[in-house]
Amino acid sequence: MNNKWMLLFILLAVTTQTFSQGKEQWDNLFNGKDLTGWKQLNGKAIYEVKNGEIIGTTVANEPNSFMVTEKDYGDFILELEYKVPQGMNSGIQFRSLSKPDYMNGRVHGYQFEVDPSDRAWTGGIYDEARRDWLYTLEYNPSAKTAFKKEEWNKIRLECIGTSLRTFVNGVPAAHVVDDVTLSGFIALQVHAIGKTDEPGKQIRWRNIRIQTKNLKPSPPDQVFVMNFIPNNVSDKEKSLGYSLLWDGKTSAGWRGAYKDKFPEKGWEIKEGTISVLKSAGAESENGGDIVSEKEFGAFDLQFEFKLTEGANSGLKYFVTESEGNKGSAIGLEYQILDDAKHPDAKQGVVGNRTLASLYDLIPSIKERRGQHKIGEWNYGRVIVYPDNRIEHWLNGYKVVEYQRGTPIYYALVARSKYAKYENFGMAEKGRILLQDHGDNVSFRSIKIKELK
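Residues numbered from 1 in each chain as written. Predicted model: local features only at pLDDT ≥ 70, side-chain atom pairs only at ≥ 80, totals over all residues. Heavy atoms only, no water.

Trainee: Got a minute to help me understand empty space enclosed by the protein in this structure?
Mentor: A water-sized probe, rolled over the atoms, reveals where empty space remains. A full pass over the atoms with the stated rule returns three cavities of 30 Å³ or more. The calculated volume of the largest cavity comes to roughly 90 Å³. Looking at the largest cavity, the residues that line it are Y139, F224, M226, N227, Q302, F303, E304, Y379, G380, R381, S445 and K447. Broken down by secondary-structure element, the contributors of at least two residues to the lining of the largest cavity are β16 (226–227), β22 (299–307), β25 (378–384) and β29 (441–450). Its residues placed into classes, the lining of the largest cavity shows five nonpolar, four polar and three charged. (1 Å grid on protein atoms, 1.4 Å probe; cavity = no way out; pocket = protein on both sides within 12 Å on 5 of 7 lines; lining within 4 Å. Points joined across faces, edges and corners; volume = space filled by probe spheres on them. Helix = DSSP H or I, 4+ residues; strand = E, 2+ residues; numbered from the N terminus. Nonpolar A, V, L, I, M, F, W, Y, C, P; charged D, E, K, R; others polar.)

Written as structure tokens, this is what we have:
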């Protein structure tokens, strides 16, 4: 072989090898013929294979049923198609587990939600038998229309490191950052049915394939990220403009309200949390409130908080410290309260002093599944838009919505305890405040994005 042909052969070989290495490599999770490589856990719904599909059928008086891969998967990209009848809730488990010492072997872990109801949360991320909702599609309402009722739908699920992303028919739906479970099985769920529901409804899955090598995530998008790693800002969040307002370690960036330094008592920074210490239960009589050194106008603020039994606190915004009052500094307040045990929940008007309410002005919507137990972490969010629309969020649910500066707003202020303060809550900018109400309450993962 002369040099010319040798060179051509080498170039062709290199080109072919490079193309092969760059090509996506998919493995079939389902062979289209039987359930080899799968096993059933928990309930006794019927799973069968017909015409290249796995068909799951509901059975009366059975709990959630799962057809589970025998193999565990850590980092992967999963694609499949499913078809579900109207009203039949379902899901695809991933990085999930079943252990004898956890709820008698109940399947638990992340779930890609399949929700054909009018709520339309298909593509949201649920934590089955563990933490409930991690990402409702209220965070990304534009994705609610991606699901096609009574038709075949294609999902894509990307689990790479701590990043969990979902797609419905090519539309980005949810993005969670979490490190609780980094590996586990994949499972197809047939949901339990109610006592009044007729058995025999069917969900179908087909074309189930997975990548586990040379994973390439989908291009970046603008979907909101819900990050459950304490005091962490992911690269995606940074690209969207978020940063920590509290560094998780020191008092940097914070000081006492009406003071020039951080309180010497009454607050504790320990193991990634900043906590109000228990005192006499009075307002700002121990360490006192703390405020951010920086002022903010329009912003998206996220924070986690944990209550002890009977505790009272609050997160305030548009705090100017111009009132010179005694007690807690003045500002619009996201109420933080044990509604069941603290008497303040019964004060005010129509519940406007309960958890996540705009304190003394607007009561929050009470979502049962958005109410975490005392002693568990809650995820709060306050969004102030440039046009003065404001939202309060609690554990994935929008529970308060209003607009400051409107006639309704001024009417609410006029009948509240803030009526004596001129232009209450109307400052162009203000500080963020964490309240000392004499009860033990902890905060972490306080992050903010300024809006324009």
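Trainee: Please clarify how the side chain of N64 should be interpreted in this entry.
Mentor: In this structure, N64 sits in the loop between β4 (53–57) and β5 (65–69). A distance of 3.1 Å separates the side chain of N64 from the side chain of E128, its partner in a polar contact. At a separation of 2.9 Å, a polar atom in the side chain of N64 contacts the main-chain amide nitrogen of A192. When near neighbours in sequence (up to four residues on either side) are disregarded, N64 contacts L41, N42, G43, E128, Q189, V190, H191 and A192. (Polar contact = N/O pair within 3.5 Å; in protein donor to acceptor, adjacent residues only side chain to side chain. Contact = heavy atoms within 4.5 Å.)

Trainee: I keep staring at the sheet that holds strand β28 (residues 431–434) and nothing clicks. Help me out?
Mentor: Ordered in space as β18-β21-β28-β23-β24, the five strands form an open sheet in which the pairing is antiparallel. Across the chains shown, the open sheet's two edge strands, defined by having one partner strand only, are β18 (254–256) and β24 (332–337). Neighbour-to-neighbour, the strand axes of this sheet turn through a mean angle of 20°, independent of strand direction. (Pairing = 2+ DSSP bridges. Axes fitted to C-alpha atoms, helices over the stretch in contact; angles between N-to-C directions.)

Trainee: Sorry if this is basic, but what is going on with the pattern of salt bridges here?
Mentor: Two side chains with opposite charge may pair up if their charged atoms get near one another. One pass over the full model with this rule turns up 33 salt bridges. Between D360 and R353 there is a salt bridge, with the nearest N and O atoms lying 2.8 Å from each other. The burial state of D360 is the same as that of R353; both residues are buried. Between R389 and D387 there is a salt bridge; the shortest N-O distance is 2.9 Å. Looking at R389, the relative accessible area reads 32%, which means it is partly exposed. For D387, a relative accessible area of 37% corresponds to the partly exposed category. (Salt bridge = Lys/Arg side-chain N within 4 Å of Asp/Glu carboxyl O. Buried < 20%, exposed > 50% of the residue type's maximum accessible area, 1.4 Å probe, protein only.)

Trainee: Help me understand the layout of surface pockets in this model?
Mentor: As a volume, the largest pocket reaches approximately 470 Å³. Grouping the constituent residues of the lining of the largest pocket by class yields six nonpolar, two polar and 10 charged. By volume, the second largest pocket is sized at about 280 Å³. What lines the second largest pocket is a set of 16 residues, among which F224, D300, R381, I383 and Y385 lie closest to the centre. Mapped onto the lining of the second largest pocket, the elements with two or more residues apiece are β25 and β26 (389–394).

Trainee: Just to check I follow, could you spell out the nonpolar core for this structure?
Mentor: Here is a general trend for soluble globular proteins: nonpolar side chains tend to be buried in one another's company. Ranked by size, the top nonpolar core spans 105 residues in total, and within it W205 and Y317 carry the most contacts. Sorting elements by how many residues they give to this core places β22 first, with five residues. Within the second largest apolar cluster, six residues are counted, among which are F66, V68, V107 and A187. (Core = buried A, V, L, I, M, F, W, Y, C linked by side-chain atoms within 4.5 Å.)

Trainee: Before we go on, may I ask you to explain the sheet that holds β5 in this structure?
Mentor: If you trace the seven strands from one edge of the open sheet to the other, you get β2-β5-β14-β7-β8-β9-β10, paired in antiparallel fashion. Only two strands of the sheet have a single neighbouring strand rather than two, namely β2 (38–42) and β10 (132–135). When strand polarity is set aside, the average angle formed by the axes of neighbouring strands in this sheet is 30°. Note that strand β8 (residues 108–114) and strand β9 (residues 125–128) share four bridges and pair antiparallel. Counted as the bridge partner of G109 is E128 from β9.

Trainee: Mind showing me how you'd approach the packing of aromatic side chains here?
Mentor: Given two aromatic rings, one states the distance between the centres and the angle between the planes to describe the pair. Under the definition given, this model contains 22 aromatic pairs. When the centroid spacing of 6.3 Å and the interplanar angle of 15° are considered together, the rings of Y82 and F147 count as stacked. Separated by 65 residues along the polypeptide, Y82 in strand β6 (residues 76–83) and F147 in the loop between β10 and β11 (153–160) bring together distant segments of the chain. In terms of burial, Y82 and F147 fall into one category: buried. Here a set of aromatic residues connected by ring pairs shows up, and it is made of W121, Y126, W133 and Y397. Positioned above the aromatic ring of F224, the side-chain terminus of R381 is 4.0 Å from the ring centre. (Phe/Tyr/Trp six-rings, centres within 6.5 Å; stacked < 30°, edge-to-face > 60°. Lys NZ or Arg CZ within 6 Å of the ring centre and 35° of its normal.)

Trainee: Looking at this structure, I do not really get the pairing of strand β12 (residues 163–168). What am I missing?
Mentor: Here is the key point about a regular strand: its side chains alternate between the two faces of the sheet. Among the six residues in β12, five count as buried, and that is most of the element. Of the pairings in the sheet, the one linking β11 to β12 comprises six bridges and is antiparallel in character. Its bridge partner lying in β12, L157 is registered against T166. Counted along the chain from β11 to the antiparallel partner β12, the turn is two residues long, and its residue G161 has a positive phi close to 65°. Strand direction decides the pairing type here: β12 and strand β13 (residues 171–177), joined by six bridges, are antiparallel. Residue pairing across strands places F167 opposite P172, the latter belonging to β13. Connecting β12 to the next strand, β13, in antiparallel fashion are two residues, including N169 with a positive phi near 50°.

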